[in-house]
Amino acid sequence: MLFLPCAGGVEALLADEAARIVGGQPEVARGGVWVDAAEGDELAAMRLNLESRLATRVLVPLADGPYRDEHDLYDIARRVDWGRWLTPADTLRVDVQAMRSPLTSLNFAALRIKDAICDALRESHGDRPSVDTRSPDLPVSLFVGPDHAMLYADTSGEPLFKRGWREATGEAPLKETLAAAMLAAIGWQGRPEDGPLLDPCCGAGTIAIEAAQLACGIAPGGLRRFAFERQRPFQAHRAAWAQMQQQARTRVHAPGAPVFAGDVSFRMTDFAQRNAERAGVARAIEFKTADAQQRPPPAARGTILMNPPYGERIAPKGMGNVTSREGFEGGGSSAEFFSGLASHWKRQYAGWTAWLLSPDPKLPGLMRMKESRRVPLYNGAIECRLFRFELTAGAGPGGRERAGPREPSAQ
């Protein structure tokens, strides 16, 4: 049995993804999904780390039970056969997450789990492992609720949104797992029948890169390392892991659907292009520095998916920086930006579908458009909605519909 934590609102999408990757019938829980794969926990954990776009980690449950204080947590941790996971020569780290816990110090809770592990190894091996807070061989995760605690071995190490390609970022970059959740929520998976995808405010390129990797069949974990590669239960499966990686590399193909992206900021477009090169999808994305309120459509029909920006990146070129951080509160430049964007889409993007992620429930009002759907998603701790708009042509002179020119499509 494995537990895959994820962002709020993504649980059902993750359950579908996990079923595609390892089969079975994953069970949706609050904040994640339980997976019981037929191929066994070790092989399933390796495959999920490599292939999951939506999970934040892949965790192996070790022990759980009721607790009242840190001494109970120590007793829970002592029930684990730690010699199966590490030796005194290995390193560990204990991370703690709490929800309505009566504990007064999470640091002390982590210390008690560490003490239990070290005491167990000292008794069985005559020595204790060391702590490494940066890159431990065994990251241990403790989740404590009001009266129940769960202890896990973390097979991922770095969270899975760290795909291994990001170096250059803009301000507050969108996490890769959230970009993937947006794509899953709208049903765009890079197939020919999905049609073109456009992010006209791409920032560091996260949405476009996730989309292009989907369109090319690229595994999200193909560029990085995982904690399980150093953990004892997985050493017997090195050949299977090498085979999984090779299979992932050989299935990469030309993009099934075109991806277009750009930003009004030359700096951000350059960041996005460099990130796409490291992610192996530079040739699968057509980047263009352009104002989203002026950019012609790159195809007759398609899907717009965007995480609307704050501040200077909503300013058309030549107008200087817009320093307002009102963002989605409906004032100043943001209201003008969304109103102008909606007008531009009505003039030139008739037949397209647009999806926008926003924490502001008033976004449709700012755009003077009625959404056809809203999907709840969390951006970290911020509750957002993914709004869907069906774009129709605006009325031109004499009441006739009008549509503008199109960009030439990428070949």
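Here the structure is shown first, and the text comes after it.
None of these values were measured; they are calculated from a predicted model. (Residues numbered from 1 in each chain as written. Predicted model: local features only at pLDDT ≥ 70, side-chain atom pairs only at ≥ 80, totals over all residues. Heavy atoms only, no water.)

**Overview of the sheet that holds strand β14 (residues 373–379)**
Hydrogen bonds between backbone atoms are what pair the strands of a sheet, whose relative direction is either parallel or antiparallel.
Phase 1 of the analysis: Spatial strand order, β11-β10-β9-β12-β13-β15-β14: seven strands in an open sheet with mixed pairing. Both edges of this open sheet fall to β11 (285–287) and β14, since each of them pairs with a single strand only. Within this sheet the neighbouring strands show an average axis-to-axis angle of 20 degrees, counted without direction.
Phase 2 of the analysis: Both strand β10 (residues 259–261) and β11 contribute to a ladder of three bridges, which runs parallel. Bridge pairing links F260 to E286 in β11.
Phase 3 of the analysis: Relative to β10, helix α6 (residues 206–216) is tilted by about 170 degrees, and along the sheet it contacts β9 (197–199), β10, β11 and β12 (303–306). (Pairing = 2+ DSSP bridges. Helix = DSSP H or I, 4+ residues; strand = E, 2+ residues; numbered from the N terminus. Axes fitted to C-alpha atoms, helices over the stretch in contact; angles between N-to-C directions. Contact = heavy atoms within 4.5 Å.)

**A few points about the pairing of strand β7 (residues 138–144)**
Phase 1 of the analysis: In terms of burial, β7 is a largely internal element, six of the seven residues being buried.
Phase 2 of the analysis: One ladder, built from seven bridges, connects strand β5 (residues 91–98) with β7; its direction is parallel. For L92, the partnering residue across the bridge sits in β7 and is L138.
Phase 3 of the analysis: By the bridge criterion, five bridges tie β7 to strand β8 (residues 148–154) in an arrangement that is antiparallel. For V144, the partnering residue across the bridge sits in β8 and is A149.
Phase 4 of the analysis: Between β7 and the antiparallel strand that follows it, β8, lie three residues. (Buried < 20%, exposed > 50% of the residue type's maximum accessible area, 1.4 Å probe, protein only.)

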